[in-house]
Amino acid sequence: MPTSTSHIETAYSLARDRYGELGVDVDAALQRLRDVSLSLHCWQGDDVAGFEGGTTEIGGGLAVTGRYPGRARTVDELRDDLDQAYRLIPGNHRLNLHASYGEFGGRQVDRDEISIEQFQGWIDWAQERSLGLDFNPTYFAHELADDGMTLAHPNPTIRDFWIRHGQACRQIAAEMGRQLGSPCVNNVWIPDGMKDTPVDRKGPRERLVAALDEVFAETFASSDLRDAVECKLFGLGSESYVVGSHEFYLGYALSRGKLACLDAGHFHPTETIADKISSVLCFTPEILLHVSRGVRWDSDHVVILDDPVIAIAQELVRGDFLGRVHLGLDFFDASIQRVAAWVVGARSMLKALLAAFLEPIARLREAESTGDYTTRLVLLEEQKLLPVGAIWDYYCLTQDVPTGIAWLEDVRRYEREIQQARQLPPRVLNAQVASETSSIGIER
Ligand code: RNT
Ligand code: ZN
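Summary of the structure given here. (Residues numbered from 1 in each chain as written. Chains lettered and ligands numbered in written order. Predicted model: local features only at pLDDT ≥ 70, side-chain atom pairs only at ≥ 80, totals over all residues. Heavy atoms only, no water.)

## Focus on the nonpolar core
Right, so step 1: Ranked by internal contacts, the top residues of the largest apolar core, which has 127 residues, are L97, W122, F135, L151, L289 and L353.
Right, so step 2: For L353, the contacting residues outside a window of four places in its chain are L33, V36, A313, L316, V317, L322 and L327.
Right, so step 3: Counting five residues, the second largest nonpolar core, distinct from the first, contains V185, A228, L259 and L288. (Core = buried A, V, L, I, M, F, W, Y, C linked by side-chain atoms within 4.5 Å. Buried < 20%, exposed > 50% of the residue type's maximum accessible area, 1.4 Å probe, protein only. Contact = heavy atoms within 4.5 Å.)

And the structure:
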């Protein structure tokens, strides 16, 4: 049985007093949490398949594993699933679209030919819901990306194709930002790299600089568009060399006034991104984070409330960086309920931020600045078991989303009523239609 409202309110009031004793203003923390907007990635809903209708494998060194039934197969299904996810995540959040998720209407529109036409439906949909949109060119799952090179490709014809794709995406993204009145972050990630040790590390990087400069040649208002570039250490099939490495894109972003995108799964397996935030933000006004979870490799597991995520949230809050950091989620797990995956990931990120807003930061700072590292350590340990869960429940209550795990019931109902029919193979559906029609006397 779900916890009653009065229990939640009582627990909240006790918890608030407890935090108050440490000098923490809980109401102010909740106000700050309300202002946080995460960009929910569309690709968790359909295993990064998109709507181009081709049969090309995902490629690009990305891998989605699992066969949980009910994957969204159409734009409408994905929108239904997103609506369901947003209903269960407290706050107002954004949607992050990939270029392969346009409304192509069964037509073959190649990547270098896409335009706002295929995305106006998404903008209208977002407008109705007061959602901001973010965007990504799709440099994978395409025959011209099959050999593992796109913008850094040695063949100028292929390179130019991908440059045109990048340019088209910026036009679309800027128009999304303009119409929605909220800058659209357009994030460039390319898979380019090599499985085995290359002898020429320089050539592809020089080509990539030149190609990116062409992609970014057109100027757009920063109120409409923000460009980001995402680095990576390695991918499947690009284990030995990735053209767009961390140093490459950090240099590119800093020299060209772009946002560096730090993905939590794109560094050495034991390397976390929390410590990078305050360094990079010394030199650039804004960055993009892809909050993800690598398990042994860049596996894009669903985000949970683990130490790396807690550390990211602490850095964002302690450094007062939330106004300068765009927060995107990036994971794709096809082994569990896909709507639940979104909800768990988003709620965990928000929980981490709530915990960070609730830190007794004044006392921690004072201890540190006076060299009292003992008190700092004791306080940091103490705060781990403070009643943040009671504050979270109350936040969910006030935001009109289910508290505790009651949201899972909601997902299960949605799964039964909406997603289950998607599991039926066409033969079964046809047979069903046939039996229904024959029972009312219609000839097949
Ligand atoms: C790939 C990058 C990239 C993708 C999405 C689908 O390693 O993380 O952000 O996950 O573009
Ligand atoms: Zn990413």
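## Remarks on the packing of helix α3 (residues 75–88) against helix α14 (residues 406–419)
Right, so step 1: Their axes nearest at 10 Å, the elements α3 and α14 cross at an angle of 165 degrees. Here α14 runs roughly antiparallel to α3, going by the angle between their axes. The two elements α3 and α14 meet at a crossing, and its hand is right-handed. Here α3 contributes E77, D80, D81, Q84 and L88 to the contact with α14, which in turn contributes W407, D410, V411, Y414 and Q419.
Right, so step 2: Counted by class, the contact of α3 with α14 contains four nonpolar, two polar and four charged residues. (Axes fitted to C-alpha atoms, helices over the stretch in contact; angles between N-to-C directions. Helix = DSSP H or I, 4+ residues; strand = E, 2+ residues; numbered from the N terminus. Parallel < 35°, antiparallel > 145°, perpendicular 65-115°, else oblique. Left-handed = near helix turned anticlockwise from the far one by under 90°. Nonpolar A, V, L, I, M, F, W, Y, C, P; charged D, E, K, R; others polar.)

## A few points about the coordination of the zinc ion (ligand 2)
Right, so step 1: On the protein side, the zinc ion (ligand 2) has E230 (OE), D263 (OD), H290 (ND1) and D330 (OD) as donor atoms, found 2.1 to 2.2 Å from it.
Right, so step 2: One can describe the donor arrangement at the zinc ion (ligand 2) as octahedral, given that its six donor atoms subtend angles of 71 to 170 degrees at the metal.
Right, so step 3: Taken in sequence order, the residues that donate to the zinc ion (ligand 2) follow the motif E-x32-D-x26-H-x39-D. One end of the pair, E230, is in strand β6 (residues 225–230); the other, D263, is in strand β8 (residues 259–263), with 33 residues separating them in the sequence. (Donors = N, O, S within 2.8 Å, 3.2 Å for Na, K, Ca; no water. Tetrahedral: all angles 85-135°; square planar, octahedral: opposite > 155°, others 65-115°.)

Purely geometric numbers; function is a separate question.
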